[in-house]
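Residues per chain, in single letters:
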There are 2 protein chains.
Amino acid sequence: MAGTDSTKPFAPSPGPAVILVEAQLGENIGMAARAMLNCGLTELRLVSPRDGWPNEDALTASAGADTVINNAQVFDTTADAVADLQLVFATTARPRDMTNRVITPSQAAGEAHRFINEGGSTGVLFGRESKGLKNDDIVQSDAIIMVPVNPAFSSLNLAQAVFAIGHEWFKAEASSDEKAADDLSMPKETRPANKAELERLFEHLEEELDASGFLHVAEKRPGMVRNIRNMLQRAGLTEQEVRTLRGIITSLVTKRRQ
Amino acid sequence: MAGTDSTKPFAPSPGPAVILVEAQLGENIGMAARAMLNCGLTELRLVSPRDGWPNEDALTASAGADTVINNAQVFDTTADAVADLQLVFATTARPRDMTNRVITPSQAAGEAHRFINEGGSTGVLFGRESKGLKNDDIVQSDAIIMVPVNPAFSSLNLAQAVFAIGHEWFKAEASSDEKAADDLSMPKETRPANKAELERLFEHLEEELDASGFLHVAEKRPGMVRNIRNMLQRAGLTEQEVRTLRGIITSLVTKRRQ
């Protein structure tokens, strides 16, 4: 549909980052960027785009959302792309064999909105066109967003998925007097842990579990590590709590070493 | 996003017809058909598609929504395409110099839903990619739908516009018999831990932390215990995860004892 009027001011608050993991076609990245800007989202992060970056097809397909494309940041891994974020959502079209909180786009938009208003940083992960996100990407997230669609034909075009979630964000922004419960009330002197701090916690724990023999069955190790990360991730830990947990791990193993 | 499961039954009630007026690219018609079926809509009507019909590009871009493409009906004029419909909406991205009722996609979905339940027939008009609907098309409609988007970048991809409206229709359909999300998606073989299991986990951990000296400052102990319980509590642990955590604690301290 036509109708852009660039004389109209729109000063979006810094919305969630859109993180496309191993997107395949530049055209799809471009259409996703267009969908983002339709919804007032401007921060695009790309994890290992298959056809490299920059990508001329992406710019063309963005249909004028050049600012989104030109400011896109590229990362090698999903972990790198979310390292500075405190609240991360993952999008999936089908239930996974993992224990995760599953929410709708409008619930996610509400949570992200409240979180950003309190100074937090958030992002949403989208998987590659053909296969979606891997479980190893999903464990980086705090909750899963499932877009309610026809269960007999649920495969969404990438830009469509971005729009489905971005549009709820835009509506939540537009009606920003709305408020709801369910946010984490948190002492003033702390803040949500970012993903880099969580990563160091996980590595610390896994190192000790390797040393203690808990992870000694090689073929089971990846699944066990994923499950442990997943359950701790879900707790929505603060930076202070991450330090407490690291203190606990150190304390439990220390006398062993002495 | 991946995830279509064709074993899942979905018997949509006959939703609104999607009427694409003078669509230009077959690819856009195909992507619109895919978006329709994502939302459980199956009735596609085409008014003078520029590149003729049938169109191979449309079938390819529909990504499996063949049934929508193959059953599309073609009309010479917008008037012909809406002749049998009783309630017609027109989509525009910008206000027109016409006196029309303007509603949101979710309002339109609600109205269409009630209307169809009473045996009525409805449809939604979408204009050509570059220019939108002509005023002569809009006068065929009972109300105008405007999708709320960034006013500084409001030009929606055709399939995106179809999805924005179809998705509200789908949600209105689904909410008639479905409860809200926010449940924990969980592997079948486990269940949420009960409070007794959590209590045993907490006592196990605190016993070891007393032994290791982590909780040795007596006046701080109650607050620390509360904080630790609080963060683990928040994770919504399953019974299996409680066992994993107890295994981790045992593993971390075991060699110390030996």
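Residues numbered from 1 in each chain as written. Chains lettered and ligands numbered in written order. Predicted model: local features only at pLDDT ≥ 70, side-chain atom pairs only at ≥ 80, totals over all residues. Heavy atoms only, no water.

J.: What is the right way to look at helix α5 (residues 105-117) of chain A in this model?
T.: It helps to recall that an α-helix has 3.6 residues per turn; residues three or four apart then point in one direction. All names here are of chain A. For α5, spanning 13 residues, the distance from its first C-alpha to its last is 18 Å, which sits close to the expected 18 Å at 1.5 Å a residue. With ten of 13 residues buried, α5 lies mostly within the body of the structure. Listed in full, the buried residues belonging to α5 are Pro 105, Ala 108, Ala 109, Gly 110, Glu 111, Ala 112, His 113, Arg 114, Phe 115 and Ile 116. Positive phi shows up at Gly 119, right after α5, with a value of about 95 degrees. (Helix = DSSP H or I, 4+ residues; strand = E, 2+ residues; numbered from the N terminus. Expected span 1.5 Å × (residues − 1). Buried < 20%, exposed > 50% of the residue type's maximum accessible area, 1.4 Å probe, protein only.)

J.: Could you clarify how one ought to interpret the interface of chain B and chain A in this entry?
T.: Many authors give the size of an interface as the accessible area that is lost as the parts come together. Taken together, the 82 residues of chain B in the interface contact 84 residues of chain A. Where chain B abuts chain A, roughly 7,300 Å² becomes buried across the two surfaces, and 60% of that area is made up of carbon and sulfur atoms. For the pair chain B and chain A, the interface holds three salt bridges. Between Glu 168 of chain B and Lys 171 of chain A there is a salt bridge whose closest N-O contact spans 3.0 Å. Taken together, the connections running from chain B to chain A amount to 20 residue pairs in polar contact (both at pLDDT 80 or more). Only α1 (26-38), α7 (158-174), β8 (184-185), α8 (195-212), α9 (221-234) and α10 (239-257) of chain B provide two or more residues apiece to the side of chain B that touches chain A. (Contact = heavy atoms within 4.5 Å. Buried area = accessible area lost by both parts, 1.4 Å probe. Salt bridge = Lys/Arg side-chain N within 4 Å of Asp/Glu carboxyl O. Polar contact = N/O pair within 3.5 Å; in protein donor to acceptor, adjacent residues only side chain to side chain.)

J.: Looking at this structure, how should I read empty space enclosed by the protein?
T.: Summary: where empty space remains is shown by rolling a probe the size of a single water molecule over the atoms. On inspection of all chains with the given rule, the structure shows seven cavities of 30 Å³ or more. Considering only enclosed or pocket space, the largest cavity measures out at about 210 Å³ in volume. What lines the largest cavity is a set of 14 residues, and nearest its centre among them are Leu 245 and Ile 248 of chain A together with Leu 245, Ile 248 and Ile 249 of chain B. Listing elements by their share of the lining of the largest cavity, those giving two or more residues are α8 (195-212) and α10 (239-257) of chain A together with α8 and α10 of chain B. Grouping the amino acids of the lining of the largest cavity by side-chain chemistry returns 14 nonpolar, no polar and no charged. (1 Å grid on protein atoms, 1.4 Å probe; cavity = no way out; pocket = protein on both sides within 12 Å on 5 of 7 lines; lining within 4 Å. Points joined across faces, edges and corners; volume = space filled by probe spheres on them. Nonpolar A, V, L, I, M, F, W, Y, C, P; charged D, E, K, R; others polar.)

J.: Teacher, can you tell me more about the packing of α1 of chain B against α7 of chain B here?
T.: Each packed pair of helices is defined by two parameters, the angle between the axes and the distance between the axes. Residue and element names in this part refer to chain B. Relative to each other, α1 and α7 sit at 15 degrees, their axes nearing to 8 Å. Relative to α7, the element α1 is oriented roughly parallel. Helix-helix and strand crossings are classified by hand; for α1 and α7 the assignment is right-handed. Residue-level contacts link Asn 28, Met 31, Ala 32, Ala 35, Met 36 and Asn 38 of α1 to Leu 158, Ala 159, Val 162 and Phe 163 of α7. Taken together, the residues of the contact of α1 with α7 break down into eight nonpolar, two polar and no charged. (Axes fitted to C-alpha atoms, helices over the stretch in contact; angles between N-to-C directions. Parallel < 35°, antiparallel > 145°, perpendicular 65-115°, else oblique. Left-handed = near helix turned anticlockwise from the far one by under 90°.)

J.: Explanation requested: the packing of α8 of chain A against helix α9 (residues 221-234) of chain A in the structure shown.
T.: Residue and element names in this part refer to chain A. Axis separation between α8 and α9 bottoms out at 11 Å; the angle between their running directions is 135 degrees. Overall, the two elements α8 and α9 adopt an arrangement that is oblique. As for the relative orientation of α8 and α9, their crossing is right-handed in sense. Here Lys 195, Leu 198, Glu 199, Phe 202, Glu 203, Leu 205, Glu 206, Leu 209 and Asp 210 of α8 lie close against α9, whose contacting residues are Arg 221, Val 225, Ile 228, Arg 229, Leu 232 and Gln 233.

Read these as spatial facts, not as claims about activity.
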